[in-house]
Each structure stands twice: as C-alpha cells, then as structure tokens.
Amino acid sequence: MFHLHMKRVSTLIATRNKQWYSTVLFILLSTFALVSNAALAPETANPTANSTTHSKPRLILQITVDALRGDLPKRYVNVLGDGGFRYLMEQGIDYTNAHYQHANTETIVGHVSLATGSVPAAHGMVGNVWFDYGQGQLTYNIEDARYHLLTAGADVDSSTEIDPTQKAATVDGRSPAAILSSTFSDELAAHFNGQSKIFAVSVKDRGAVSLAGHAGKAFWFSKSSGEFVTSTYYYQQYPEWVNTWNSGKPALAYAGKSWELTHPATAYMFGESDDREYETDFPGFGRTFPHAYGQADDKYLTTRLTLSPAGDELTLDFAKTLMDNEQLGEDDVPDYLAISFSSNDYVGHIFGASSLEAEDNIARLDRTLAELLAYVDKKVGLDNTLIVLSADHGQPEVPGYLHELGIDNAHYIDTSALDKAPAIEALKKQFGMGEELIEAYYHPYVYLNRELIKEKGLDQALLEDIVAEELLKFNGVAAAVSSTALRTANLPDTLMNRAILRNFHPKRSGDIYIVFEPNVFINDFDGLTVASTHGSPWRYDTFVPVIFAGTGLQPKSVSRMITPYDIAPTLAAYLGVKPPSASIGNPLAEVLGD
Ligand SMILES: [Zn+2]
C-alpha cells in the first residue's frame, strides 16, 4: 500500500512538471478574470449614484445580532412581543434575501464586512484567527501588543475561556489596526470634522472594535473581570460613567439566579423538546431549563451569562448608560452607536438553532430590542434615528437534529485526522519534510511551511496543489483550493471559487482553503464539544436579515437578493457621506427613497 502511494505521488509530480510550461503559458494568456474587481463585487446590478437629499438623522443605530440566520426571527414569531423584531419587520424595510458572498462566515469577517461594505480580500479580516508568517504564530484578529487593556485582570483567562479564537491571542491588547479599509463610522468622523460621537458596544471584543472603526470608541465585556472594558487605543482612562457602571457589579446581580423560560412551554415550537442528547452539557448549566448561572464565586458565572440572554441584557444596560452620558443624538451632528448582541451566537453553538434555548433566546432578545428602541425613542425619537439591523453570519443545523428528520448526510469532522492521513504522511516522506510540511491548520486555511519548502528548493505551487488534492479525498471535504491557483486565476469561475477569492488576502490567507460539505463541520472548541459551528460558504451560514427602520422610512418587504456589503454604502449615501474606502456594495434604493 505504501509503495503504491509513493508511486502514485511520484507519477503525479512527474505529470505536473510536464504541465508546468503549458500552465505558465495559460496564466500569461489568461485575462485574470477571476482576480478582477468584477469578480470581487457581488453579482448585483450597479444602480446609478444617488443624489437624493434627506433630512439628516441625529443618530445612526447599527444593531448586529451575532449568528442571526435570516429565517430565525420570523420562524419564532409566535414568541415575539411588540416593539422589538415586530416593529422592525413590520415598520421597516425588510430585505428577506440577503447573503454574504465571502467564503469564511465567521464573526470578525462578517462584522468588518458590515462596517466597511467590503469583503475580506479588501478589508483584510480573512478569519477570526490566521497564521502570521512574519511572527511565526497564530494571531487573533484584533490583538495588538501596543494597546493594553485599560483594566488590570481583564485579559482572557485561558483556564475558563471557551471561545477558542480568543485563546489564540498572545497579548491582552486590542485595536482596529488590522482592519485595512475605512469603516462607515470612520467616514462619518471624517465628514463631520470629528464632531460625530461614535461608539460600539458588544460582549465580544471583535463585535465592538470592528464597528467602532478606527475613529470611534469600543467597549466590550470581560469575562475575567465581569466588567465592560476597553484598551489604550481608545482611552488613557475610563470616563467616570464607565467606572460607576462597573462598580455596581451588574454581572453579580445574576449570581444564584437562572435562565428561565419567558412563556409557558406550550407557547414554543420546541416546548416539548428541551432535552436533546446533542446539546452541550456545559458544566453547571445543563441541557434543560432552568439553566443556573451559578454563585458569585463560581469561576464560570460570567461565561454562563454570555451563553444566555443575560449577556445581551448587560450589553443593553451598558449601551443605555453610554447613550445618556455621552449625550448621543442630542445635537444636529449625527452620532453613531453600534451594538452587537453576542448571546445568539453562543446559544447556537451550545444548543443549536433548533432548540428551546435558541427559541427562548430570540424571545428574550426581542424584549431587549424592544427596550432599546423604546429608550432611543424617548431620548432621540425614532423619527430622528436611522436604524439598521443585520447579522455577521447565519448558522447551520445540528447534525443530530437533522438525523431525527431523516436527513443523514450531516456529521462532525475530526480535523486532527487530516494531518495524520496516510497520503499526507507519504507526502511528507516524499519531500523529506517530516512533521513540518504543514505549519498550521486553522479554519479555514492550511498553512504550509513556506520557509522549509523554499529551503529544500521545492515548488510551493506544486505542493499546494498536491496537498489540496489529497485533502479533497477526505470524507466530508467538498473543496480544497490552493492560494496559488487563486492568485494566478487558474480556477474555473464557480460561485464557490468566487467566494474563496473574495476571502483571499495575499498577506494573510493560508495556502489551501478547505470547504466541508453542507451540514458537515468541526465541533471541537479546543476541547469543548459544541452542537454546531458556522463558517461555511453554504446558504445557512451566508443568510442574514437586513432591516432598515426609523426616520419615517415606509414599511416594505423586499425579496430581491442583496448583500450585507450594501449596508455601509447605504448609510453613507443616506447621509451624503463618501463610501468607505474599499466598499463594493450598492446603496439600497428603497432606503434612499428612489
Ligand atoms: Zn459571529
């Protein structure tokens, strides 16, 4: 068997070398169609620039719900009240067919796409984590050694942190420096000579830093300190109101309490199916209601708050205090407040999108949104506020849930098997590279050991191709695309290749992009087994709501396909501000009143 492998690989290499000159010729003659801007832009019509003038809103409120798949609010409409999702869907302009068009549907990628109106190929956030060849280590998207956290003891505690991307950070500091293009919030600052007040708040650091942009101020929740924190990029010392809010220890108010159902069980689609064996039995939290948060001295108390509607409630309370103290929306210069609600994402990972927990979380989030909108109405007036709600990505269904429905082709994948596979082992021996052929695998890229490949005088492109071909043989792998092929436009022009190209940044992307088949994903969160993981280019992960409301917009439901990249240029056009530097989206005609 081993000899057969070696022979096959050698034959493959020989064949490749023969093809080399014709490949080079093909590249020289090709039109580079795949790497043109046309391929990076979504496939929608490009309407003429808008010149309509509007009365300027006093506040732009950008709401992001982490992992809110486009169907979820309407699916769970029976547990919704008034003034939250219903207000937005019934009184706003509701785009019911909005999809991301980049391949890696992860949190930082989506948030920065919302902020910049662009794709990772241009804004540079290709994943929550990537391998930095210069540093020789994995890097977390917004980590920045220059700007420490402003609160001592607020750094990620790797003994309790369950978010594996956070654990990849090597320093406590955070900043937007790695976001390569401007955000709408940056453009707002530039347009109004810095007079717009710009803030972003989220449980997740990346949910806030992304939307604050380079010019705004970001606050996020530290599970270690139980406080909302920031870094020295934004402040040298906290505004007094932040200290006051934190000193009230609002997280501790949840100690000894539980997440309970909002309605009687019979009101829910999943009321009779609380306990599913595929839900994560997080220590002390359990698979069924009520989910206990734990006592004040429990080291997982704050983590459990983020796995429940409590995380969003804390975010709302902090955001209201911010609005008050920073006087948002109180003068004629438009201010900007971005709030990213993170709980829906964690609940999805732990329990799945089709669970009683997900359904009740939507019901609770709906109350949180209603409270937010009522507050904004009282302080600024909804007629003076331009609201947009969207999500950074969708989410898949849990394989176990699909199995119950007779849908069998769903399963988890164990990626540690990829590197240990006989064919990859044979490749390493063939090239005399031992264990070092693959530098790192971190979703969605395989990073080859470029230095060693060079040292040994081997051809990087050839190795990428061969490894990609071997990876493609694994059960559950739908595509393995080499970056050299992307760079040289040496690929068929398919939707999938376009999505992977939109994700490709030459300084950050790895060497081979792996796509798993639909309903197939990794469920290992660095030791914690979760129910579902998003991050694919499949429709359940690209599908998000986009709803504009406020400022007297006329209610409308729009089924035309749009992209979330349209949001930032729409906000810009609405205010007569120039679009963000790498924006590829189109201003939405319905919002502009065309
Ligand atoms: Zn997310």
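In what follows, the accompanying structure is described.

Cut-offs and rules
Residues numbered from 1 in each chain as written. Predicted model: local features only at pLDDT ≥ 70, side-chain atom pairs only at ≥ 80, totals over all residues. Heavy atoms only, no water. Buried < 20%, exposed > 50% of the residue type's maximum accessible area, 1.4 Å probe, protein only. Helix = DSSP H or I, 4+ residues; strand = E, 2+ residues; numbered from the N terminus. Pairing = 2+ DSSP bridges. Donors = N, O, S within 2.8 Å, 3.2 Å for Na, K, Ca; no water. Tetrahedral: all angles 85-135°; square planar, octahedral: opposite > 155°, others 65-115°. Axes fitted to C-alpha atoms, helices over the stretch in contact; angles between N-to-C directions. Contact = heavy atoms within 4.5 Å. 1 Å grid on protein atoms, 1.4 Å probe; cavity = no way out; pocket = protein on both sides within 12 Å on 5 of 7 lines; lining within 4 Å. Points joined across faces, edges and corners; volume = space filled by probe spheres on them. Nonpolar A, V, L, I, M, F, W, Y, C, P; charged D, E, K, R; others polar.

Turning next to the pairing of strand S20 (residues 543–550). Most of S20 is tucked away: eight of the eight residues are buried. Where strand S2 (residues 93–99) lies against S20, five bridges are found, and the strand directions are antiparallel. Looking at the pairing, Tyr 95 lines up with Val 546 of S20. Alignment of strand S11 (residues 385–390) against S20, held across four bridges, turns out to be antiparallel. Its bridge partner lying in S20, Val 388 is registered against Phe 548.

This brings us to the coordination of the zinc ion. The protein atoms donating to the zinc ion are Asp 66 (OD), Thr 107 (OG1), Asp 392 (OD) and His 393 (NE2), with metal-donor distances spanning 2.0 to 2.2 Å. One can describe the site at the zinc ion as tetrahedral: its four donor atoms subtend angles covering 93 to 132° at the metal.

Spatially, nine strands are ordered S7-S6-S5-S10-S1-S11-S20-S2-S21 in an open sheet, and the strand pairing comes out mixed. Of all strands in the sheet, those bounded by a partner on one side alone are strand S7 (227–229) and strand S21 (556–558). Each neighbouring strand pair of the sheet contributes to a mean axis angle of 15°, computed without reference to strand direction. Docked against the sheet, helix H14 (residues 356–379) engages strand S1 (59–65), strand S10 (335–341) and S11, running at close to 175° with respect to S1.

With that out of the way, let us pick up the layout of surface pockets. In this approach, a probe sized like a water molecule rolls over the atoms, and the result shows the empty space that is left. There is about 780 Å³ of room inside the largest pocket. Lining the largest pocket we find 39 residues, and of these Tyr 442, His 443, Ile 522, Asp 524 and Thr 533 sit closest to its centre. Taken together, the elements giving at least two residues each to the lining of the largest pocket come down to helix H7 (164–167), helix H13 (343–351), strand S13 (438–442), strand S16 (512–516), strand S17 (520–521), strand S18 (524–525) and helix H22 (539–542). Among the elements that line the lining of the largest pocket, the one with the most residues is S16, at four residues. Of the residues in the lining of the largest pocket, the class split is 17 nonpolar, 12 polar and 10 charged.

What follows concerns the sheet that holds S13. The four strands lie next to each other as S13-S14-S16-S15, forming an open sheet whose pairing is antiparallel. The open sheet terminates on both sides in strands that have one partner only, identified here as S13 and strand S15 (477–482). Neighbouring strand axes in the sheet, compared pairwise and without regard to direction, differ in orientation by 20° on average. As paired elements, S13 and strand S14 (residues 445–448) share four bridges and run antiparallel to each other. Residue Ala 440 lies in a different strand from S14, and its bridge partner there is Tyr 447.

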